[in-house]
Amino acid sequence: MRISFPQKTRTAIGRTAVVGIVIVVIVVAAIAGYAAMTMTSKSTTTSTTQSSASQSPTISPTTSTSVTPTTSVNSSILSITWANVPVTDPAIGSDEASTSALVNLYDTLIFPEPSGQVVPDLATTWTTSPNGTTYTFTLRSGVTFHNGDPLTASDVVYSMNRLLTMGQGYSYLFTAYVKSVTAPNSNTVVFNLKKTFGPFLSALVRLYVLDQNQVAAHEVSTGTQYGNNLDYGSAWLLTHDAGSGAYTTESANLETNIVITEYKNYWNGTNANQPATVNMIGSDNPSTVSSLFKSGQIQITDQWQPYTDVKALGSLPSAKLVSIPAVNEMYIMINTQEAPTNDLYVREAMTYALNYTAVVDNIFTGNSLAQGPVPTALPGHNPNIPVAHQNVTLAKQLIQQSRYYKAGNLSSYSITYYWVTQVPAEQQLAEEFASDMQAIGLKVNVVGEPWLTVVADLGNQTSSPNIVSVEDDASYYEAGSLLQSRYTTPSEGTWEQNEWLHNSTLDNLIYAALSTLDQTQRFQDYMNIQQQIYNMYPTIYAYDVTEIRAYYPTVVNWYAASGHPNALLGYNFIFRDFQFYPSQLTALFG
Amino acid sequence: MKWNWGFILRRLAYSVLALVGLSILVFAIARVLPGDPVRLALGPHASASAVFQLRIQLHLNQPIWLQYIYWIEGIFTGNWGISLFTHRNVLTDVEAFLPATLELLIAAAAIDILIAVPLGVIAGRRENTVVDNAVRVLSYVGIAIPSFVVAIFLQHFFPSYVGQLSPGVQPPPHITGLAFLDALVTAHFSTAWNALLHIIPPAFALALGPIAQEARIMRSSVVENLGRDYTVAEISRGLPERVITLKYLMKPSLIPTITIYALDISSLIANAFLVELIFNWGGFSQYGLNAILSKDLNAIVAVVMIAGVLFVISNFLVDLTVGYLDPRIRLQSRSDE
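Throughout, a residue's number is its position along its own chain's written sequence, starting from 1. Whichever chain is written first becomes A and whichever ligand is written first becomes 1, with later ones labelled in order. Only residues with pLDDT of at least 70 get local features here, since the model is predicted, and only at 80 or more are side-chain atom pairs given and counted; chain-wide, interface and lining totals rely on the full set of residues.

Quick notes on the overall build of chain A
Short version of the rule: Going along the chain from the N terminus, every DSSP run of H or I of four or more residues is numbered as a helix, and every run of E of two or more is numbered as a strand. Partly exposed residues are those whose C-beta has more than 12 but fewer than 20 other C-beta atoms within 10 Å; with 20 or more the residue is buried, with 12 or fewer it is exposed, and the C-beta atoms are placed from the backbone. C-beta atoms are placed from the backbone for every residue, and two residues are taken to be in contact when these atoms lie within 7 Å.
Secondary structure assignment for chain A yields 19 helices and 17 strands. Scored against the burial criterion, the 590 residues of chain A give a buried share of 52%. Long-range contacts, defined as pairs at least 24 residues apart, comprise 71% of the intrachain contacts of chain A with a sequence gap of at least 6.

Notes on the overall build of chain B
Check the secondary structure of chain B and you find 14 helices and 0 strands. When the helices and strands of chain B are placed in sequence order, the string is α-α-α-α-α-α-α-α-α-α-α-α-α-α. Each of the three principal axes of chain B carries a C-alpha extent, and together these read 85 × 55 × 40 Å. For chain B, the proportion of its 337 residues judged to be buried stands at 45%.

Observations concerning the environment of Val149(B)
Mapped onto the fold, Val149(B) is located in helix 7 (residues 147–157). What makes Val149(B) partly exposed here is the crowd of 14 C-beta atoms within 10 Å.

Section: the interface of chain B and chain A
Listed as interface residues are 54 residues of chain B and, on the opposing side, 52 residues of chain A. Those elements that provide at least two residues to the side of chain B that touches chain A are helix 2 (37–42), helix 3 (48–57), helix 7, helix 9 (189–226), helix 10 (229–236), helix 11 (241–278) and helix 12 (284–293) of chain B.

A few points about the domain arrangement of chain A
Residue and element names in this part refer to chain A. Cut-off, in case you're wondering: Here the limits of each domain have been adopted from an automatic or database domain assignment. For this classification, the nonpolar set comprises Ala, Val, Leu, Ile, Met, Phe, Trp, Tyr, Cys and Pro, the charged set comprises Asp, Glu, Lys and Arg, and every other residue, Gly included, is treated as polar.
Per the domain assignment, the segments of chain A are domain 1 (81–278 + 557–581) and domain 2 (327–546). The centre of domain 1, based on its C-alpha atoms, is set 33 Å off from the matching centre of domain 2. Facing 17 residues of domain 1, the contacting portion of domain 2 comprises 14 residues. Considering only residue class, the side of domain 1 that touches domain 2 consists of 10 nonpolar, 5 polar and 2 charged.

Here we look at the pairing of strand 15 (residues 539–551) of chain A
Residues and elements named next belong to chain A. Selection rule: Here, a strand pair is defined by DSSP locating no fewer than two bridges between the strands.
Most of strand 15 is tucked away, with 13 of its 13 residues classed as buried. As defined by bridge partners, strand 11 (residues 320–334) adjoins strand 15 across 11 bridges and the pair is classed as antiparallel. Bridge pairing links Glu 329 to Asp 544 in strand 15.

A word on the sheet that holds strand 4 (residues 123–128) of chain A
Residue and element names in this part refer to chain A. Defined as follows: As a rule, the C-alpha atoms of each element are fitted with a line to give its axis, helices using only the stretch in contact, and angles between N-to-C directions run from 0 to 180 degrees.
Ordered by their spatial adjacency, 4 strands build an open sheet running 4-5-7-6, and the pairing between neighbours is antiparallel. In this open sheet, the two edge strands, each paired with only one partner strand, are strand 4 and strand 6 (178–185). The mean angle between the axes of side-by-side strands here comes to 20°, regardless of whether they run parallel or antiparallel. Here strand 4 runs beside strand 5 (residues 134–139); their pairing, made up of 5 bridges, is antiparallel. Considered in strand 5, the bridge of Thr 127 is made with Thr 136. Here helix 3 (residues 153–166) sits on the sheet and contacts strand 5, strand 6 and strand 7 (188–193); the angle it forms with strand 6, its principal contact strand, is near 165°.

Topic: unusual backbone geometry
Going from Ala339(A) to Pro340(A), the amide bond is cis rather than trans, its omega being 0°. When you line up the elements, Pro340(A) lands in the loop between strand 11 and helix 10 (344–353). Phi is positive for His59(B), which is not a glycine, with a value near 60°. Mapped onto the secondary structure, His59(B) falls in the loop between helix 3 and helix 4 (64–77).

Considerations on the packing of helix 5 (residues 90–125) of chain B against helix 11 of chain B
All names here are of chain B. Note the following rule: Should the near helix be turned counterclockwise from the far one by less than a right angle, the crossing is left-handed, whereas a clockwise turn marks it as right-handed.
Packing of helix 5 against helix 11 brings their axes to within 10 Å, and their N-to-C directions diverge by 145°. Considering how the two elements wind past one another, helix 5 and helix 11 form a crossing that is right-handed. Along the contact surface, helix 5 presents Thr 101, Leu 104, Leu 105, Ala 108, Ala 109, Asp 112, Ile 113, Val 117, Gly 120 and Val 121, while helix 11 presents Thr 245, Thr 257, Tyr 261, Asp 264, Ile 265, Leu 268, Ile 269 and Ala 272. Residue composition of the contact of helix 5 with helix 11, by class: 12 nonpolar, 4 polar and 2 charged.

Looking at the sheet that holds strand 14 (residues 467–473) of chain A
Residues and elements named next belong to chain A. Judged by pairing direction, the sheet is mixed, and its 5 strands sit side by side in the order 13-12-14-11-15 without closing on themselves. The open sheet has two edge strands with one neighbour each: strand 13 (443–449) and strand 15. Strand-to-strand twist in this sheet, taken as the mean axis angle between neighbours without regard to direction, amounts to 35°. Sheet topology places strand 11 next to strand 14; 7 bridges connect them, and they run antiparallel.

Side note on the confidence of the model for chain A
Residue and element names in this part refer to chain A. For clarity, the threshold we go by: The predictor reports its confidence for every residue as pLDDT, a score running from 0 up to 100.
Across chain A, the average pLDDT comes to 86, with 87% of residues at 70 or higher. Throughout residues 7–15 the model reports pLDDT below 50, and contacts reaching past four residues in sequence, or to other chains, amount to 10 contacts. Every residue in residues 32–71 is under pLDDT 50, and counting partners more than four places away or in other chains gives 57 contacts.

Examining the confidence of the model for chain B
All names here are of chain B. With 96% of its residues at a pLDDT of 70 or more, chain B shows a mean pLDDT of 84. Taking the mean pLDDT of every element in chain B, the minimum, 60, falls on helix 14 (residues 327–336) and the maximum, 92, on helix 9. Interface confidence for the predicted complex, given as ipTM, is 0.72, next to a pTM of 0.80.

Brief notes about the environment of Pro118(B)
As for its position among the elements, Pro118(B) is in helix 5. For the pair Pro118(B) and Ile8(B), spaced 110 residues apart in sequence, the C-alpha to C-alpha distance is 30 Å.

Concerning the packing of helix 10 of chain A against helix 12 (residues 392–400) of chain A
All names here are of chain A. Rule in force here: Any angle between 65 and 115 degrees counts as roughly perpendicular, while under 35 counts as roughly parallel, over 145 as roughly antiparallel, and the rest as oblique.
Two elements in contact, helix 10 and helix 12, have axes separated by 8 Å at closest approach and are oriented at 165°. When the axis of helix 10 is compared with that of helix 12, the two are roughly antiparallel. Considering how the two elements wind past one another, helix 10 and helix 12 form a crossing that is left-handed. Two secondary-structure elements touch here, helix 10 through Tyr 345, Val 346, Glu 348, Ala 349, Tyr 352 and Ala 353 and helix 12 through Val 392, Leu 394, Ala 395, Leu 398 and Ile 399. Residue composition of the contact of helix 10 with helix 12, by class: 10 nonpolar, no polar and 1 charged.

Examining the nonpolar core
Residue and element names in this part refer to chain A. Put simply, the rule reads: Each nonpolar core reported here comprises buried Ala, Val, Leu, Ile, Met, Phe, Trp, Tyr and Cys residues connected via C-beta atoms within 7 Å.
With 261 residues, the main nonpolar core has Ala 349 and Ala 542 as its most contacted residues. Each of domain 1 (81–278 + 557–581) and domain 2 (327–546) accounts for three or more of the residues forming this core. Excluding residues within four positions of it along the chain, Ala 542 makes contact with Met 330, Tyr 331, Ile 332, Val 359, Ala 370, Leu 429 and Ser 469.

A word on the environment of Ala439(A)
Residues and elements named next belong to chain A. Within the fold, Ala 439 resides in the loop between helix 14 (425–438) and strand 13. A tally of 13 C-beta atoms within 10 Å means that Ala 439 is categorised as partly exposed. For Ala 439, the contacting residues outside a window of four places in its chain are Ala 353 and Val 392.

Details of the pairing of strand 12 (residues 414–420) of chain A
Side chains on a regular strand alternate between the two faces of the sheet. All names here are of chain A. Definition in use: Consider the strands pointing away from the viewer: the crossover is right-handed when the path from the first strand over the helix to the second runs clockwise.
Of all 7 residues making up strand 12, 5 are buried, and the element is well covered by its neighbours. By the bridge criterion, 7 bridges tie strand 12 to strand 13 in an arrangement that is parallel. Within strand 13, the position partnered with Tyr 418 by the bridge is Val 447. Traced from strand 12 through helix 14 to strand 13, the parallel crossover comes out right-handed.

Shown next, in the form of C-alpha cells:
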C-alpha cells in the first residue's frame, strides 16, 4: 500500500521546500553572477589586448575591470611548470627543476656560455698550475648573500667540502679529483686536485656557493647526520636558501611549488623588466598544465607535455610553440651480454632496421635525429658519425651474418624491450621498434615497467632486459660528461647503462680524455671515443631531445625561445635575463 | 542518554588491533616493492659512503622485524624516519601536508551530507515522480563517473582554482594549517574567500560519487520507513508533514545512510590521491602518491597508517552516531550482558 501525507500537510511541507529552494537558488545565482562578472571582465580585457598586442610589443598597463583580484591572474608573477618541485639544497638537487632554481638562487665561480666556454662569475680571474692540478681563483669583492653576509673564500671552501661530504647531487663530478680546497685569504680559493681533470672548469658550474654561517645556524640533529655538521642544514635548505644569486626563496611547498623573488642587492644589478617574482610549479599533469596555461596562470609550460597537447596550447591566441635544443638524448640501450643482443651483427642490424623518421615525426614529434652517443648540441660531439637512418636491406644482410641466424635458432629468441610506463609515448616507440624488427626476423617482447622496476632490474646483469629506452643528459658542457656516465664500468648497475660493456680499454680511453688539459686534444679524444662506441653498436640513438614548450611571447621575452638557448641543464632559466611584461598578462587575462 | 561502555571499549580495542595488523602489513609490503630505495633517493652517482650511510640510517642492514621495532619506537618518540623524497622527518611532512587534505576532506564530507540527505528525502517523499526519477538518473551518473574524471571536468571550467590559494595570495598565519579556517579566524576575509573558492571544485569532485550513493540509500530508507505503522499512525493523527519528516522519519532513515557515509568518507582519502594531483592541491594524498612512485619507505607507511587511523576514527564515530540515532544498537550489548 502506498502511503502519502494528507494534502494539507503536503502543502505545508511544500512551502518549506519552496523556501529552501529559493534560498539555494539565490546562493547559486550569487556565485554564478560573481563568476559571470569575473569572466566578463576577462573577456573584455582579452579582446582589447589582442588588438593592441599585434601593434606594439610594449603596451602600457590596461585598466583592469576585474571585480575581485583574488580570482584573476596575478599579473606580477611569472609562473612556469616543471616535472617536479625543485630540490633547492645545492648538494642534492640535480634534475631540471632543481638546477633551474639553483642557478637563480646561487652563484658559481664561473658561468657556462652556450659555446662551451666559461666566463667569470664570482671569480674574476683564475690560474692553473703547469701540471694542471692546482687552480687558484680570485673572488669578486662586494658580493653579499641574501641575508647581507659578505661572500668570502671560506664560503667556497665550505660549499665544496659540504658537497663532497654529502656525496649526493653533483658531488660525483669532483669526488675522484678534488684533494683539498683552501682559502689563503678572504678572496682567494685554491683547489688542489689528485690528478688532472680537463673539464674541471666546466664542472665547476655545478658548485653553488652557500653562506657557511647561515647554513651552520640551521643545522639540526634530525635527518642524515654528517658528524659535527649534523644535517649540514639540509632540511632548512629545502625550503630556504643561503645563496647570493639574483633571486631568493620567498616560500616553498615541497609538494606544489616554490616562489622566488628578485634580490635587490645582487652584485650584478637587476635588469629592466626582469620578473620580480617567479612561481616554480612542480606539476606536469597535462590536464592541470593545460588549464593553467589557458587561463594565463602559467606563462611557460614544462617540456613533458604530450606533443598534441602542447601543440594545441601553442596555437592559442597570443601563445607560441617553441622548440629548444637540449643536451639530452633518447638511448635505446642494448644489453651486450645477453643473447641474442650479444652478437654485434644483431645489434648493428637493429640499428639499421629502426624507422627513425617515424619516431621523430609521429611519436616524439619535434625532436631531431641523433648522431651517435653524444647529443649534437653538446660541445665535443662528433659530427662525422652518420645521422641515424633506416636501411632495411642492409639490416637484413647484417642479421644473416649473425651467429644465431647461421645456427638457425634466431627465431627461438625473444628480445625483451622495457619501456617506462610513466612516459606513455615510450610504448609507441617500443611498438614501432618491435614492428620494425619483425621485418628482419627478430621477435621483440614489449614490456611496460614502472621506473622503480626498471631501476631495480638494471641493478644487475642477470635481471637486465635486452633493451630499455631511457633519456639521459649531460651534467656539464662537454661530451665527456655523458661518455663517462653512460659507458664506463662504474655506471653499470645503474639506470644510466644497460649495455654492460665491461670494456676496460674504453674506460681507460674515457678517463684519459677527461684528464687531458688541452681542450682541443680532449675534444678530439671525445670524438674518437664516440666513433669507437658507435662501431660497437651498443646503443640505438633514437633521437636528440628538443624541449617543446608553449609560452606567451608578448608576456615574457625568453632568450632561449628567441634563438639564444643555453642548453646546459637549468641555464635556459636565468630569470634575470628574462623580460617580463605584467601589463601584457593583465591585458590578456585580467 | 545511556551508553554501553563495554561495547565502546571493545570497539576501541578492535580498532587498535586493526591498526597494528595494518602497520605490519604495510611495513612489509613497502619493503618488498621493487627497487633499492637508497639508490632511488640518492641517484646513480651517489658515493658509496653516502649510500652506506643512508642504508644504516634507515636500518636496511637489519632484519625486517628489527626494522619494524625501530619504526614503532620512532613513532612514539617523534622520529618517523626520513622521507627519501623531501629529505625531512616524515612527521614534519605529515604536519605540513595533512592539514590541506583534512580541509579538503572536511569540505567534501560537508558537501556530501548537505546534498545527499535532502536529495534522498525529496526523492523518497516523491517516490516514482519526475523528481524521484531525476534524482535516480543523477545518482547513477554520479556513481558511474570516477572522481578524477569529475575533477578534470571541473578543472576545465574553473582553471583559476588550481592549488589552495591563487598565486600571490599570501597564506594566512598558521594556526591549524587549514587555510580557510585560519584566514577566517585571523580576519583575512579576502584570503578566506579565495580559499573557499579554491576548495569547492576539488571537494565537489570528491563528494559527487558519495552524494549519489547516499542519496539512493537515503531515498530507499525513507520509502521503507514511510510505509511503517508508526508513520501511518502519525499521519493519521494529523501531525504536520514537516514534523513527521524531520522528527520521526529522518532519524531511522539516516542509520543506513550514515553507515555508508562513514565508508565513503574513508574512501575519500583514496580518491583524493588523483584529485589532489589534478588540482595541484599539495596535500597529504599528493605526498602519498609521490612517496609510492619514489619508493619512499617511511612516507608510504606513514601515509597508509594515517589513512588507516582516519578510517578507524570515522568508523568509530559512526558507531557512536548510529548508537545515538538508534537506542537498540546503543544498548544491545548491555542487554546481552
